[in-house]
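Listed here are the chains, written in short residue letters.
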Amino acid sequence: MAQPARPGPTRRLILMAGAAAPLGLAVACGDDNSSGGGKGGTLHMGIAVANIGLNFAVEMVNGAKSAVGHLGGVDLKAVGPASTDGPAEVTLFQNLTHTSKDGIILFNLDPPLFVRPAATAVDSGIPVVALDTAPLDGSKITFYVGNDNYELGAKLAEEAIKRLPASPTGSVVVGVPNPGTPVLDSRANGIKDTFAKKAPGVKVLGPYQTYSDPAQNFGAWQSQVHANPKALAFLGVGDADSYNLGKIKEAENGSYLVAAADVDAKTLQYVKSGANFCTVSPEHFLKGYVCTALFVDALKKGKDLPKGWFKTPSLVVDKSNVDEVIARQKSTTAAYDFFKSQIDSLLASPDSSIKPLKDQR
C-alpha cells in the first residue's frame, strides 16, 4: 500500500513547550530524507492527546518529538482538540488511522469513548499504545506507559502533612478536574488514604470537580476556598489546579496550604515564590519520550511490543529544586539533557519497569 504523502515544509510545525495549537493541528517532525522503519522506509506514526494546548499534553508531544528526532526515520503527526473534548479527540484519532498507519500513541481523559475506536484501529492492523491513561478492557491495547498515580497523590499528601503541625486536626479540600478519569481519581484516592493513615485527625472533603478549563477551574477553586475558610489545605490533582490555587492564595493572602500537580510555567513560579508548597510532576516529557522510543524501536526491528504497564517516575518539586526544573522547561533540548540519564536507564532494561496491566493505578 502506498504511504500517504508527508506535508511540505510550510506545514512542518514544531510545538514548543507551553504553546497552544488550534483544533486538529497536525505537528509533523522527522527527516524527509530519512529511511528507517521495519518496512525499509519512513514510519508514519501519530500521537493523539486530550488537549493540545495545556502544558501536560504539550510536554508529552515534546517528549515524543524529541525521541523521533534522535531516532530518525519517523514522520510523526500530533493531534488534539484545543480544549479537553473527548468526542473531538475521537474524531482526530480516527483521522490518524488514515494517515499514521504504522502506529499511534493515544493519550485521552475519557477512556470509555476510545474502547471501540482503538479496537477498530488494532483490528485494521495499526498498533496502538496507551500513554498516561490506561486502556480499558475491549480496547485491544496491551501496552501502557504511565505513572503510578495513586503513589503520586500519596506523595502530595505526605508533603502537605510535613508542613502541618504535629497530630493535625481540621479539614483538607481535594479537587479533581475530570471526575471519572482513572488517573486523576487514583491521585485523589492516594491523597485521601494517606491522610487517613498518617494524619487521621484531618477530614478530607471531596474530591470536588474543578474542571480542566483554566477559567472554570479558577472559579471552582475560588468557591471552595470561600466555602471552607478554615481549611488547612486545598489540594488538586491536575495542571490548572496548581497555578489557580497559587493565584488565589496570593491574591487573598491565605494562610492555608495549596498544591497540586504538573509543571506549568505559572505553577513553577508559585512554587518559587512559596505560594505553593510544592508540585508533583508526572514527568510528562520523560513519559512521552520513553513511550515513543520503545514503540519506534519495536516497529523498526519488527518485534512485538511489551505487554503490560511500563511504570514511569514522578518528581516532587519544591523550593529546593524548582530552579533546576524551571531551567529544564526552557526548551526541548534542555528537557532532554535533564532527563537523559533516566531515559538511558529506563530504555536499557525496560522489562524491569513493566508490571501487569491489571496493576496500574
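Keep in mind that this is a model prediction, so the values were computed, not measured. The residue numbering used here restarts from 1 in each chain and proceeds along that chain's sequence as written. Whole-chain, interface and lining totals are the exception, using all residues; otherwise, since this is a predicted model, local features are given only for residues with pLDDT of at least 70 and side-chain atom pairs are given and counted only at 80 or more. Side-chain measures were taken over the full set of non-hydrogen atoms in the model, leaving aside hydrogen atoms and water.

*Asks:* Just give me the short version of the pairing of strand β9 (residues 233-236), but keep the residues and values in it.
*Replies:* Because side chains alternate across β9, one face comprises the buried residues Ala233 and Leu235, and the other comprises Phe234 and Gly236, equally buried. Strands were regarded as paired on the criterion that DSSP finds at least two bridges between them. Working definition: helices are DSSP H or I runs of at least four residues, strands are E runs of at least two. Numbering for both runs from the N terminus. Note: strand β7 (residues 170-176) against β9, four bridges, orientation parallel. From the neighbouring strand, Val173 faces β9, where its bridge partner is Phe234. Across three bridges, β9 lies against strand β10 (residues 257-261) in parallel orientation. Residue Leu235 lies in a different strand from β10, and its bridge partner there is Ala259. Crossover handedness is defined by viewing with both strands directed away from the observer: a clockwise path from the first strand over the helix to the second marks the crossover as right-handed. Once you follow β9 into helix α7 (residues 239-252) and on to β10, the crossover reads as right-handed. Only protein chains enter the accessibility calculation, which uses a 1.4 Å probe; a residue is then buried when its area is under 20% of its type maximum, exposed when over 50%, and partly exposed in between.

*Asks:* I'd like a description of unusual backbone geometry, backed by residues and values.
*Replies:* The omega angle of the peptide bond from Gly206 to Pro207 is 15°, so this bond is cis rather than trans. Relative to the helices and strands, Pro207 resides in strand β8 (residues 202-209). The backbone of Asp262 shows a phi angle near 80°, a positive value even though the residue is not glycine. By secondary structure assignment, the location of Asp262 is in the loop between β10 and α8 (265-273).

*Asks:* Could you give an account of helix α2 (residues 86-99), naming the residues involved and the relevant values?
*Replies:* Multiplying 1.5 Å by the helix residue count minus one yields the expected span of that helix. Helix length check: α2, at 14 residues, gives a terminal C-alpha distance of 20 Å against a target of 20 Å (1.5 Å per residue), a fit within 8%. Along α2, the residues that are buried comprise Gly86, Ala88, Glu89, Val90, Leu92, Phe93, Leu96 and Thr97. Any pair of residues with heavy atoms lying within 4.5 Å of one another is described as a contacting pair. Looking at the buried residues of α2, the elements they touch are β2 (43-48), β3 (74-79), β4 (103-106), α3 (111-123) and β5 (128-131). Between a side-chain oxygen at the N-terminus of α2 and the backbone nitrogen of Ala88 the separation is 3.1 Å; the capping residue is Asp85. Counting of polar contacts relies on pairs of N or O atoms within 3.5 Å, with two restrictions inside protein: one atom must be capable of donating a hydrogen and the other of accepting it, and residues adjacent in sequence are counted only when both atoms are side-chain atoms.

*Asks:* Provide a residue-level description of the environment of Lys355, including the pertinent values.
*Replies:* Within the element layout of this structure, Lys355 appears in strand β14 (residues 354-355). Residue classification places Lys355 among the partly exposed positions, given a relative accessible area of 37%. Taking the C-alpha atoms as reference, Lys355 lies 7.2 Å from Lys311; in sequence the two are 44 residues apart. In this structure, Lys355 is in contact with Gly308, Trp309 and Lys311, ignoring residues within four places of it in sequence.

*Asks:* Pulling in residues and values, what's your account of empty space enclosed by the protein?
*Replies:* Residues are called lining when one of their atoms sits within 4 Å of a cavity or pocket point, these points coming from a 1 Å grid over the protein atoms alone, where a cavity is a set in which a 1.4 Å probe fits but cannot get out and a pocket is an open set with protein on both sides within 12 Å along at least five of seven lines. Grid points are joined across faces, edges and corners, and a volume is the space filled by probe spheres set on the points. This structure, assessed with the given rule, holds three cavities of 30 Å³ or more. Its boundaries defined by the atoms lining it, the largest cavity holds a volume of some 170 Å³. Around the largest cavity sit 17 residues that line it, and Phe56, Leu109, Leu184, Gly238 and Asp239 are the ones nearest its centre. Contributing elements (two or more residues each) for the lining of the largest cavity: α5 (182-198) and α7. Gly falls in the polar group here, along with every residue not listed as nonpolar (Ala, Val, Leu, Ile, Met, Phe, Trp, Tyr, Cys, Pro) or charged (Asp, Glu, Lys, Arg). Grouping the amino acids of the lining of the largest cavity by side-chain chemistry returns nine nonpolar, four polar and four charged.

*Asks:* Let's hear about the pairing of β3: which residues, and what values?
*Replies:* Of all six residues making up β3, six are buried, and the element is well covered by its neighbours. Here β3 shows no split at all, with Val74, Leu76 and Ala78 on one side and Asp75, Lys77 and Val79 on the other all buried. The parallel pair β2 and β3 is bridged by helix α1 (residues 55-71), and the resulting crossover is right-handed.

*Asks:* Describe the pattern of salt bridges, naming the residues involved and giving the relevant values.
*Replies:* Any carboxyl oxygen of Asp or Glu within 4 Å of a side-chain nitrogen of Lys or Arg constitutes a salt bridge here. Summed over all chains, the structure comprises 15 salt bridges. Residues Asp123 and Lys140 are paired through a salt bridge, measuring 2.8 Å at the closest nitrogen-oxygen approach. Separated by 17 residues along the polypeptide, Asp123 in helix α3 and Lys140 in the loop between β5 and β6 (143-147) bring together distant segments of the chain. On the basis of relative accessibility, which here comes to 45%, the residue Lys140 falls in the partly exposed class. Linking Asp323 and Lys272 is a salt bridge whose minimum nitrogen-to-oxygen distance equals 2.6 Å. Highlighted residues: Asp323 in helix α10 (residues 322-328) and Lys272 in helix α8, separated in sequence by 51 residues. Given the relative accessible area of 46%, Asp323 is considered partly exposed. In the salt-bridge network here, residues are joined through shared partners; they are Glu159, Lys162, Arg163 and Asp318.

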